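Below, each chain spelled out in residue letters.
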Amino acid sequence: MTKKTKQRVWWAVSLLALLVFAVAMAWLHYQQLCSPGGGNDPYTSDLGQHLAFAQKGMIYSTTSLLIGPAYALGGRWGIAILLALFHLAAIAVFARGLRPALPQCPAPVCLLISLVVNFAQAVWMPRGGYWYQGTIIGTVYHNTTYIMLAPFALLAVLSFYRAWHSMSGKLDLRAWLVYTVLLTLATSFKASLVFAFAPALLLLLIADLIRTRGENFRQEFIMGCSVLPSIGLCLIQANVLFADAGSGMNLIFLVDFDRHRMLWGPFNEAAVLGLLRSLVFVAAVGILLGRRAWKTFRYRFSLLLFGVAMAEALLLVENGERLYHANLWWGPFICFWVFLLESVSVWLRACADWKSGLRDGYLGGRIAVCGAALVWHIISGICFLVLLMEGKSYNIPIQTYHFLFF
């Protein structure tokens, strides 16, 4: 088989797999839009609620501007197909983010790897069931704004890496402008990324200011201004979302709440276990391949970004009834998506080093453990997706799924 023929075969396999995935996503989202809502019914999601908001004129996100016309053109199927396209876009951007770790890998193979990693969820425990609340994952199937945010958020961060790379010399204003526009566009869908990104960037700029002793202040100032349009959008969104008197955000220590209703964070044992189940692969990479990981700026920044998002989710809450909506946890979700990309990239680079003949420090064994953890996440995610396709609601305790011999 010639190289050109192999390329065509890979493209055929990749496009077929993506088509099957897109059809499955469109079908799932259509079922979710047909769901009456209420929490315990089949195919419960936020999709119907977001459509109702858009129809009532509650415009606080670019999502609201897109789902209305999609519904007018194709009804529920119009929105379902639109969301399936956003899923495909997220997979394509993730594949693009993997390219530096797989420079010789054909594009269709990168797409397949991205698709497979896209299935990863918090690890499922045999005979232990699965509890969605409290998990931190990158791929979400039930929230309209997050699904639309995902590709643009990852594009914004990848563009930021390119812009920041020029900070050591003359700032590339074109790269800066592209990154600023993408960050603003991502914020227009959901403010979750910039809410963590802005503080992380501030810490980065302070560190650079100290390192350069103020010699790089002009470029640091310009880079810091990149978040101003997004902050402006956040203020506009807040005026819509927090229109009621007394609504807003507060430190969790200063708010009275029912611990039995708080199904995430350190107040619920199942949620704590869910969080730990989310981090098996990234923790394995950080511990077993930590030196390799820490050498790259992208990994260090993605870890900082995820850490800031987790701190905000644990320490800040919304007031009133929105207290129990866990909206601040969308920050760790999207930032974990970025961190997962860099963790997978570190693992793939280690695999390439081992294949090239590097064997020091039991590298093969460390790679195998990390790979097993990733496979565990992926199989768990497939089980979880099968349950969703069967009509199990994402926000109830999911009982043990009898997969294979369990």
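Before going into details, it helps to say that this report is about the structure given with it. (Residues numbered from 1 in each chain as written. Predicted model: local features only at pLDDT ≥ 70, side-chain atom pairs only at ≥ 80, totals over all residues. Heavy atoms only, no water.)

## Some words on the overall build of the protein chain
When helices and strands are counted, the protein chain shows 15 helices and two strands. A compact globule built from 406 residues would reach a C-alpha radius of gyration of about 22 Å, and the protein chain, at 21 Å, matches this within 12%. Seen through its principal axes, the protein chain has C-alpha atoms that stretch 60 × 60 × 45 Å. Counting over 406 residues, the protein chain shows a buried share of 53%. Relative to all contacts within the protein chain whose residues are 6 or more apart in sequence, the contacts with residues 24 or more apart total 77%. For the protein chain, the accessible surface area stands at approximately 19200 Å², while carbon and sulfur atoms represent 67% of it. Across the protein chain, 30 positive and 17 negative side-chain charges occur, with their mean positions spaced 15 Å apart. (Helix = DSSP H or I, 4+ residues; strand = E, 2+ residues; numbered from the N terminus. Rg over C-alpha atoms; globule rule 2.2 N^0.38 Å. Buried < 20%, exposed > 50% of the residue type's maximum accessible area, 1.4 Å probe, protein only. Contact = heavy atoms within 4.5 Å. Areas by Shrake-Rupley, 256 points an atom, 1.4 Å probe, with all protein chains shown as cover. Lys, Arg positive; Asp, Glu negative; His and termini not counted. Charge placed at Lys NZ, Arg CZ, Asp CG, Glu CD.)

## Some details on the nonpolar core
Phe 160, Tyr 179, Leu 193, Phe 197, Met 223 and Phe 281 are the most contacted members of the largest nonpolar core, which has 126 residues in total. Of all the elements, helix 5 (residues 144–165) adds the most residues to this core, at 16 residues. Setting aside chain neighbours within four positions, we find Leu 193 in contact with Ala 153, Ala 156, Val 157, Leu 183, Leu 305, Ile 334 and Cys 335. (Core = buried A, V, L, I, M, F, W, Y, C linked by side-chain atoms within 4.5 Å.)

## So, the packing of aromatic side chains
Taken as a whole and judged by the stated rule, the model has 26 aromatic pairs. Plain terms: the ring middles of Phe 94 and Trp 337 are 4.7 Å apart, the flat faces sit at 35° to each other, and that makes the pair tilted. Here the residue Phe 94 occupies a position in helix 3 (residues 62–98), and Trp 337 occupies one in helix 14 (residues 330–355), the gap between them amounting to 243 residues. Here the two residues Phe 94 and Trp 337 agree in accessibility, since each one is buried. Note on Phe 160 and Phe 301: the rings are 4.9 Å apart at their centroids and 40° apart in plane angle, and the pair reads as tilted. Taken together, the residues span a long stretch of sequence, with Phe 160 in helix 5 and Phe 301 in helix 13 (residues 297–315) at a distance of 141 residues. Phe 301 shares its class with Phe 160; the two are buried. Through successive ring pairs, a cluster of aromatic residues spans Phe 160, Tyr 161, Trp 164, Tyr 179, Phe 197, Phe 297 and Phe 301. (Phe/Tyr/Trp six-rings, centres within 6.5 Å; stacked < 30°, edge-to-face > 60°.)

## Looking at the state of the cysteines
Under the counting rule described, the total for this entry stands at zero disulfides. Looking at the unpaired Cys 110, the closest cysteine sulfur is the one in Cys 105, lying at 3.9 Å. We note that Cys 351 lacks a disulfide partner, and the nearest cysteine sulfur, in Cys 370, lies 8.7 Å from it. Residue classification places Cys 351 among the partly exposed residues on the basis of a relative accessible area of 23%. (Disulfide = S-S within 2.5 Å.)

## Some remarks on the layout of surface pockets
Space inside the second largest pocket adds up to approximately 460 Å³. Lining the second largest pocket are 19 residues; nearest its centre among them are Leu 158, Ser 159, Tyr 161, Arg 162 and Arg 298. Of all the elements in the fold, those that place two or more residues in the lining of the second largest pocket are helix 3, helix 5, helix 6 (173–189) and helix 13. Ranked by residue count, the leading element in the lining of the second largest pocket is helix 5, at seven residues. The residue makeup of the lining of the second largest pocket, split by class, is ten nonpolar, three polar and six charged. (1 Å grid on protein atoms, 1.4 Å probe; cavity = no way out; pocket = protein on both sides within 12 Å on 5 of 7 lines; lining within 4 Å. Points joined across faces, edges and corners; volume = space filled by probe spheres on them. Nonpolar A, V, L, I, M, F, W, Y, C, P; charged D, E, K, R; others polar.)

## Description of unusual backbone geometry
Positive phi is not limited to glycine here, since Arg 213 has a value of about 55°. When you line up the elements, Arg 213 lands in the loop between helix 7 (192–212) and helix 8 (217–224). In this structure, Tyr 362 is a non-glycine residue whose phi angle is positive, near 55°. Taking relative accessible area as the criterion, Tyr 362 reaches 74% and is therefore assigned exposed.

## Some details on the packing of helix 11 (residues 280–288) against helix 15 (residues 363–390)
Packing of helix 11 against helix 15 brings their axes to within 8 Å, and their N-to-C directions diverge by 170°. Our classification of the angle between helix 11 and helix 15 gives roughly antiparallel. Here Val 280, Phe 281, Ala 284, Val 285 and Leu 288 of helix 11 come into contact with helix 15, specifically with Arg 366, Val 369, Cys 370, Ala 373, Leu 374, Trp 376 and His 377. Residues belonging to the contact of helix 11 with helix 15 are distributed by class as follows: ten nonpolar, one polar and one charged. (Axes fitted to C-alpha atoms, helices over the stretch in contact; angles between N-to-C directions. Parallel < 35°, antiparallel > 145°, perpendicular 65-115°, else oblique.)

## A closer look at the pattern of salt bridges
The final tally for this structure, using the stated rule, is four salt bridges. For Arg 298, the salt bridge goes to Glu 342, with nearest N and O atoms at 3.0 Å. A residue pair is termed long-range when its members are at least 10 positions apart, and Arg 298 in helix 13 and Glu 342 in helix 14 qualify at 44 residues. According to the relative accessible area criterion, Glu 342 is buried, its value standing at 2%. (Salt bridge = Lys/Arg side-chain N within 4 Å of Asp/Glu carboxyl O.)

## Topic: the environment of Leu 276
Mapped onto the secondary structure, Leu 276 falls in helix 10 (residues 269–278). The spatial distance from the C-alpha of Leu 276 to the C-alpha of Ala 122 is 8.2 Å, given a sequence separation of 154 residues.

## Describing a nonpolar patch on the surface
On the surface, Leu 251, Phe 253, Leu 254, Leu 314 and Leu 315 cluster together into a nonpolar patch covering about 490 Å² of accessible area. Tracing the backbone shows Leu 314 in helix 13. (Patch = residues over 30% accessible without salt bridge, like charges linked within 9 Å, V, L, I, M, F, W, Y side chains within 5 Å.)

## Some details on the side chain of Ser 192
Tracing the backbone shows Ser 192 in helix 7. The exposure class assigned to Ser 192 is buried, which follows from its relative accessible area of 10%. Among all residues touching Ser 192, those that are not within four sequence positions of it are Leu 149, Trp 330, Gly 331 and Ile 334.

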